[in-house]
Amino acid sequence: MMSPESAFLTTDAPVSKSSCASMLSSSKSWSEMADAVLGGEVLSRGDAIRILEADDNQVLSILDAAWRVRQRYFGNSVQLYYLKNAKSGLCPEDCNYCSQSKISDAPVEKYAMLNAERLLDGARKAAESKARTYCIVASGRGPTDREVDHVANVVRQIKDQFGLHICCCLGLLEPDQAMRLKAAGVDRVNHNLNTSERFHSEVCSTHTFRDRLATLDICRDAGLELCAGMIVGMGESNDDIVDVALKLAELKVESIPINFLNSIDGTPMQTLDHLDPRYCLKVLSMFRLTNPSTELRIAGGREVNLRSMQSMGLYPANSMFVSDYLTTPGQKAEEDFRMIRDLGFEVTAGDHDAAKLLEFWNQSTLT
Ligand code: SF4
């Protein structure tokens, strides 16, 4: 890492090729990379690696390149998401990063699927937080048929009352389950790749990368939008991160959440350090340049990894969660809104219940 004093000396000169990427990377400057992507070129693996390996003194130039691409597709809008854990703990899987897994000793709340009233209350809060989308997340390998029916019933009510865009994250799905969720009004399913196929066995042994891909295919076949991303900071290499970015581009997912590991005591990953904020910015920029028109969301771990640079993450990313994550608290929604306002960015309400959500924003008393 460069010293803090030199971290923001920026140039846009052609940058040296990394050793492992030299066979595939171009000699384009960051700005030329943005020009190429805006002209329809696909970023090469080598250039994606170069971004992650770049000196920290290149961060502002890399961010500028990513910002130009973000601006083309999303202007200065920020999509907000609000998470509700519909079922917590009690998971038979062994994902090493997760506080809800069977091998975690972390003191998380454990409860079965929330009743309709609690889920509707969460949706009301999502609307009040100006979130466009309400995410319903349940721990576990996959839902039972009864759980799918319960979620489907609640989703019908949320659509009637709040008109929110609905995203469900329920684990591995069977084809008929995906179709029932789609019929109830679910717009999108979140199912993260989490990491590369190569690294997946280091993270989890109870299901495979291929299992995860299969659920994405099933959901696509059911007509659902796909939200799939990764967790950065689990010990993977730059190659693994680029693998995921390129795979998601190939899958043409609608939305990519990037989590930065917030290592939780009691999990096998409890000793892993937080990431350098400038590295996180390079990761977000690489995802923007490999997936130029895809919604890119800063998800879990934002506060502890990006720290004072959280706001800069919104130059490559166009979306973020407000309020708490599944088992860890997040920055207060009010501080998030202030951050967005300070950037001069706008919260977009999307196409569902837009008038109501914009009214909340316009009536905000934040200064
Ligand atoms: S399947 Fe989901 S809830 Fe279960 S351990 Fe893995 S990430 Fe956690």
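These numbers were taken from a predicted model, which means no experiment stands behind them.

Visitor: Even after reading the chapter, I still don't get the overall build of the protein chain, so can you show me in this structure?
Guide: In terms of regular secondary structure, the protein chain is built from 13 helices and 10 strands. Out of the 367 residues belonging to the protein chain, those deemed buried represent 50%.

Visitor: Would you explain the packing of helix 3 (residues 59-74) against helix 10 (residues 277-290) in this entry?
Guide: Relative placement of two packed helices is described by the angle separating their axes and the distance separating the axes. Running from N to C, helix 3 and helix 10 point in directions that differ by 35 degrees, and their axes come no closer than 9 Å. By crossing handedness, the relation of helix 3 to helix 10 is classed as left-handed. Here Val59, Ile62, Leu63, Ala65, Ala66, Val69 and Arg70 of helix 3 lie close against helix 10, whose contacting residues are Arg278, Leu281, Lys282, Ser285, Arg288 and Leu289.

Visitor: Would you mind going over the environment of lysine 159 with me for this structure?
Guide: When you line up the elements, lysine 159 lands in helix 5 (residues 145-161). Judged by local crowding, lysine 159 falls into the buried class, with 20 C-beta atoms found within 10 Å. Expressed as a C-alpha distance, the spacing of lysine 159 and alanine 123, which sit 36 residues apart in the sequence, is 9.6 Å.

Visitor: Please explain the pairing of strand 3 (residues 165-169) as it appears in this structure.
Guide: Every regular strand shows the same layout, with side chains that alternate between the two sheet faces. Most of strand 3 sits out of view: 5 of its 5 residues are buried. Neither face of strand 3 is open: one carries His165, Cys167 and Cys169, the other Ile166 and Cys168, and all of them are buried. Crossover handedness for the path strand 2 (residues 133-138) to helix 5 to strand 3: right-handed. When strand 3 meets strand 4 (residues 188-190), the two strands line up parallel, connected through 2 bridges. In the strand pairing of strand 4, cysteine 167 is matched with arginine 188. After leaving strand 3, the chain enters helix 6 (residues 175-184) and then returns to the sheet as strand 4, a path that is right-handed.

Visitor: Could you clarify how one ought to interpret the site of the ligand in this entry?
Guide: Every residue close to the ligand is listed here: Cys91, Glu93, Cys95, Cys98, Gln100, Ser101, Ser139, Gly140, Arg141 and Gly171. Residues that form the shell around the ligand fall into these classes: 3 nonpolar, 5 polar and 2 charged.

Visitor: Please clarify how helix 4 (residues 116-128) should be interpreted in this entry.
Guide: Taking 1.5 Å per residue as the helical rise, helix 4 with its 13 residues ought to reach 18 Å, and the 18 Å between its terminal C-alpha atoms agrees with that figure. For helix 4, the full list of buried residues reads Leu119, Gly122, Ala123, Ala126 and Ala127. Looking straight down helix 4, one finds that the buried residues subtend no more than 145 degrees of arc, so they occupy a single side. Directly after helix 4, the chain includes lysine 130, whose backbone phi takes a positive value near 70 degrees.

Visitor: Got a minute to help me understand the nonpolar core in this structure?
Guide: Generally speaking, a soluble globular protein has its nonpolar side chains buried in company with each other. Ranked by size, the top nonpolar core spans 102 residues in total, and within it Tyr82, Tyr134, Cys168 and Val283 carry the most contacts. Counting residues per element, this core draws most heavily on helix 10, at 8 residues.

Visitor: Help me out: how do you make sense of the pairing of strand 9 (residues 319-322) in this one?
Guide: Covered by surrounding structure in strand 9 are Ser319 and Phe321 together with Met320 and Val322, the residues of both alternating faces. Sheet topology places strand 8 (residues 295-298) next to strand 9; 2 bridges connect them, and they run parallel. Bridge assignment links arginine 297 to a residue of strand 9, and that residue is serine 319.

Visitor: Which parts of the structure should I look at to understand unusual backbone geometry?
Guide: Most peptide bonds take the trans form, and the phi angle of most residues other than glycine is negative. At asparagine 194, a residue that is not glycine, the phi angle is positive and equals roughly 70 degrees. Assignment of secondary structure puts asparagine 194 in the loop between strand 4 and helix 7 (200-203). In this structure, lysine 252 is a non-glycine residue whose phi angle is positive, near 55 degrees. For lysine 252, the position within the fold is in the loop between helix 9 (238-251) and strand 7 (255-260).

Visitor: What's the story with the packing of helix 1 (residues 30-38) against helix 3 in this structure? I'm lost.
Guide: Contact geometry of helix 1 with helix 3 gives a least axis separation of 8 Å together with a crossing angle of 20 degrees. As judged from the angle between their axes, helix 1 and helix 3 are roughly parallel. Helix 1 and helix 3 meet at a crossing whose hand is right-handed. Between helix 1 and helix 3, the residues in contact are Trp30, Ser31, Met33, Ala34, Val37 and Leu38 and Ser61, Ile62, Ala65, Arg68, Val69 and Arg72, respectively. Looking at the contact of helix 1 with helix 3 residue by residue, the class counts come to 8 nonpolar, 2 polar and 2 charged.

Visitor: It is not clear to me how helix 3 should be interpreted in this structure. Could you clarify?
Guide: Note that an α-helix has 3.6 residues per turn; residues three or four places apart therefore point the same way. Here helix 3 spans 21 Å end to end across 16 residues, near enough to the 22 Å set by a 1.5 Å rise per residue. Glycine 75 sits one or two positions beyond helix 3 and adopts a positive phi of about 55 degrees.

Visitor: Looking at this structure, how should I read the environment of glutamine 270?
Guide: Here glutamine 270 is to be found in the loop between strand 7 and helix 10. We classify glutamine 270 as partly exposed; it has 15 C-beta atoms within 10 Å. Each C-alpha atom, one on glutamine 270 and one on serine 99, is 9.9 Å from the other, the two residues being 171 residues apart in sequence. When residues no more than four places from it in sequence are discounted, the contact partners of glutamine 270 are Ser263, Ile264 and Asp265.

Visitor: When you look at the environment of serine 77 in this model, what are you seeing that I'm missing?
Guide: Its place among the elements puts serine 77 in strand 1 (residues 77-87). Setting aside residues no more than four positions away along its own chain, serine 77 makes contact with Asn318, Phe345, Glu346 and Thr348.

Definitions and cut-offs
Residues numbered from 1 in each chain as written. Predicted model: local features only at pLDDT ≥ 70, side-chain atom pairs only at ≥ 80, totals over all residues. Helix = DSSP H or I, 4+ residues; strand = E, 2+ residues; numbered from the N terminus. Buried ≥ 20, exposed ≤ 12 C-beta atoms within 10 Å, placed from the backbone. Axes fitted to C-alpha atoms, helices over the stretch in contact; angles between N-to-C directions. Left-handed = near helix turned anticlockwise from the far one by under 90°. Contact = placed C-beta atoms within 7 Å. Right-handed = clockwise from strand over helix to strand, strands pointing away. Pairing = 2+ DSSP bridges. Near = placed C-beta within 6 Å. Nonpolar A, V, L, I, M, F, W, Y, C, P; charged D, E, K, R; others polar. Expected span 1.5 Å × (residues − 1). Arc of directions from axis to C-beta. Core = buried A, V, L, I, M, F, W, Y, C linked by C-beta atoms within 7 Å. Parallel < 35°, antiparallel > 145°, perpendicular 65-115°, else oblique.

Remember that the coordinates give geometry; whether it matters functionally is a separate question.
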